[in-house]
Amino acid sequence: MKNKFIYFAVLASLGLASCEPEFENEVSNASYSAGDADFSSYVAIGNSLTSGYMDGTVSRVGQQYSFPNILAHQFAVVGGGEFIQPSYAEDTGNLGGLLINGQPFPSAQANAFPTRLIINASVGGPQNIAGTSTINVSPSTLQATAYNNMGVPGAKTFHLTLQGYGNIANLATGTANPYFVRHAVTPNSTVIGDAMTKNPTFFTNWIGNNDVLGYATNGGSGSTAGTGSADITPSAVFSAAYGAIIDQLTANGAKGVVATIPSVTAIPFFTTVPYNPITAALLASQADPTGAGTIQALNTQLYGPLKQALTAFGAGDRINLLSATGQNPLLIKDETLTNLSAQLTAAFTPTLGPVLAAQYGQIFGQARQTTNNDLVLLTTRTAIGTAPAGIPAPLDKYGITFPLEDKHILIPSEKDAIAAATTDFNNIIRAKAAAKNLAVADMNAIMNQLVSGLRVEDGQIYTANYFSTAGVNTVLFSLDGVHPNARGYAVIANEVIKVINNYYHAKLPLVSAGTYPGATVLVTN
């Protein structure tokens, strides 16, 4: 089966490449001022969006483009103090990734922390850069240091107050985070506790994305009120943790900026793969060069009989015949549908026999085709057309002859749950900020604008469409589809600076986002 859903060749032809950060935007001008703020000890609290995570990892070079690091360079113009991030000096090849005791961290995937994504020009697609990570988490590599950048990839809001979250002994049970383990001051440290040892006079707090993002990137397969990595955090838990973080950050009079949570379903991870990627050309083979014969066979042997049976049960709108000339939707399982397994089993028994009919009934009882109200995850593109475990031919093609699972798709009810939680969490963030007289950076509004285009100070329009053949140099997202690239973090830094200038009467210089790099393109991997 050919994967033709996303085309990267145009990116490779443009020769985009990453480079070492130069921070050419540094300025020194007496007209700039800190206003009512004190940047002498700036601390950044958050998750991967704060750490400088991009292209699926934290790497030595990528980390330098974190938005807090960009901010700190601008703060230095008005007396800002030293800003230190966790050391990635051992990442000599700029590969990113992460090892635990010298080995890939075991998970449902082959490696939970692979190397960074690049564009391989020889194949025109994204790949993890070849090589083995040199970033290792072991008892002998712990840094035991609090840093100004306390962004911890993967952290949810309540994790920042959790003792033992930096204890290497807790990695095996999933109650610790290897990124925090690397630099936790003690095994019982909390992220916020270590941050407070820096005695911050100013802070940014952009935490909360993962409290809803994990549910979204797992296709809504988790709980809408749980504390697992694939769950939406319960509102009461979020509110208590967020309030505790803000109370500690402001305990000694520090000022700061808090950021709202973006509407995660607007990011490229959920908007890149279309809901209707199945074409005759996609199904073409040596035996069927146009794919039209395959389309006809699918209609005759599967889609037609399913359509007929479902129509008899008043659910004919779940399935339509495939077109040989247009784009066709994916086949998915929708757990919100009435389960018609028993009815389908009975309908297919005369022609398929009881055993095979029961299998068809079980597989297609809640099946339907996608609509433009569904979102296909970026990671699903590699599953389409592959064989589900234990499923023989002819039903062995995900999304075509076998329904994609809950983890592959966001259906409308799941999108609604995400939207409701995002609104709830942002209301909590705003209320906590108002109670402490803190500035708010509305990242929700900023990221939403990226869908239609955002014009910034350099006159350029930036978009989220990072696979477009036009204007690729104006892309803000990295290749993982979730995190910004260096240019995107520069735009975020500017939005925070504008909030600071307005709220704290400061005069801080902006950066020129266009001077920051995009994707890395290699001739071959």
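The sections below set out a description of the structure shown in this document. Being a predicted model, the structure only gives us computed values, none of them experimental.

What counts and what doesn't
- Residues numbered from 1 in each chain as written.
- Predicted model: local features only at pLDDT ≥ 70, side-chain atom pairs only at ≥ 80, totals over all residues.
- Heavy atoms only, no water.
- Helix = DSSP H or I, 4+ residues; strand = E, 2+ residues; numbered from the N terminus.
- Contact = heavy atoms within 4.5 Å.
- Areas by Shrake-Rupley, 256 points an atom, 1.4 Å probe, with all protein chains shown as cover.
- Pairing = 2+ DSSP bridges.
- Salt bridge = Lys/Arg side-chain N within 4 Å of Asp/Glu carboxyl O.
- Buried < 20%, exposed > 50% of the residue type's maximum accessible area, 1.4 Å probe, protein only.
- Axes fitted to C-alpha atoms, helices over the stretch in contact; angles between N-to-C directions.
- Left-handed = near helix turned anticlockwise from the far one by under 90°.
- Nonpolar A, V, L, I, M, F, W, Y, C, P; charged D, E, K, R; others polar.

As for the overall build of the protein chain
And then number 1: A tally of helices and strands in the protein chain yields 15 helices and 17 strands.
And then number 2: Within the protein chain, residue pairs in contact and separated by at least 24 positions form 76% of the contacts whose partners lie at least 6 positions apart.
And then number 3: Accessible surface computed for the protein chain: about 20,600 Å², of which carbon and sulfur atoms make up 53%.

Notes on the pairing of strand S5 (residues 125–128)
And then number 1: Two elements, strand S4 (residues 117–120) and S5, share four bridges in a ladder whose sense is antiparallel. In the sheet register, leucine 117 faces S5, and the bridge partner there is asparagine 128.
And then number 2: Here S4 folds back onto S5 in antiparallel fashion, the turn holding four residues, of which glycine 124 has a positive phi close to 70°.

Focus: the pattern of salt bridges
And then number 1: Enumeration over the complete set of coordinates arrives at seven salt bridges.
And then number 2: As a salt-bridge pair, aspartate 247 and lysine 436 come within 3.4 Å of each other at their nearest N and O atoms. Residue aspartate 247 is located in helix H8 (residues 235–249), and its partner lysine 436 is located in the loop between helix H13 (412–435) and strand S14 (439–441); the two are separated by 189 residues in the primary sequence.
And then number 3: Classification of aspartate 247 by relative accessible area gives partly exposed; the value is 41%.
And then number 4: A relative accessible area of 35% places lysine 436 in the partly exposed class.
And then number 5: A salt bridge links lysine 498 to glutamate 495; the nearest nitrogen and oxygen atoms lie 2.9 Å apart. Taken together, the positions of lysine 498 and glutamate 495, both in helix H15 (residues 486–503) and three residues apart, correspond to about one turn of that helix.

Looking at the sheet that holds strand S17 (residues 521–522)
One key point about sheets: their strands pair by backbone hydrogen bonds, in either a parallel or an antiparallel sense.
And then number 1: If you trace the three strands from one edge of the open sheet to the other, you get S5-S4-S17, paired in mixed fashion. With partners counted over all chains shown, the strands left at the sheet margins are S5 and S17, one partner each.
And then number 2: Pairing of S4 with S17 involves two bridges; the strand directions are parallel. Each bridged residue has a counterpart across the sheet, and for isoleucine 119 the counterpart in S17 is valine 521.

Some remarks on the environment of threonine 294
And then number 1: Take threonine 294: it is sitting in helix H10 (residues 292–312).
And then number 2: Residue threonine 294 is classed as partly exposed on the basis of its relative accessible area, which comes to 25%.
And then number 3: C-alpha of threonine 294 to C-alpha of alanine 281: the two residues are 13 residues apart in sequence and 9.9 Å apart in space.

Observations regarding the sheet that holds S14
And then number 1: Taken in spatial order, the five strands of this open sheet run S7-S1-S8-S9-S14, and their pairing is parallel. Of all strands in the sheet, those bounded by a partner on one side alone are strand S7 (149–151) and S14. Taking each pair of neighbouring strands and ignoring which way they run, the sheet shows an average axis angle of 15°.
And then number 2: Strand direction decides the pairing type here: strand S9 (residues 255–259) and S14, joined by three bridges, are parallel. Each bridged residue has a counterpart across the sheet, and for alanine 259 the counterpart in S14 is alanine 441.

Things to note about the packing of helix H11 (residues 341–352) against helix H12 (residues 354–364)
And then number 1: At a closest axis distance of 7 Å, the pairing of H11 and H12 adopts a crossing angle of 145°. H12 is crossed by H11, and the crossing has right-handed handedness. Judged by residue contacts, Ser341, Leu344, Thr345, Phe348, Thr349 and Leu352 of H11 engage Pro354, Leu356, Ala357, Ala358, Tyr360, Gly361, Gln362 and Phe364 from H12.
And then number 2: Residue classes in the contact of H11 with H12 are distributed as nine nonpolar, five polar and no charged.

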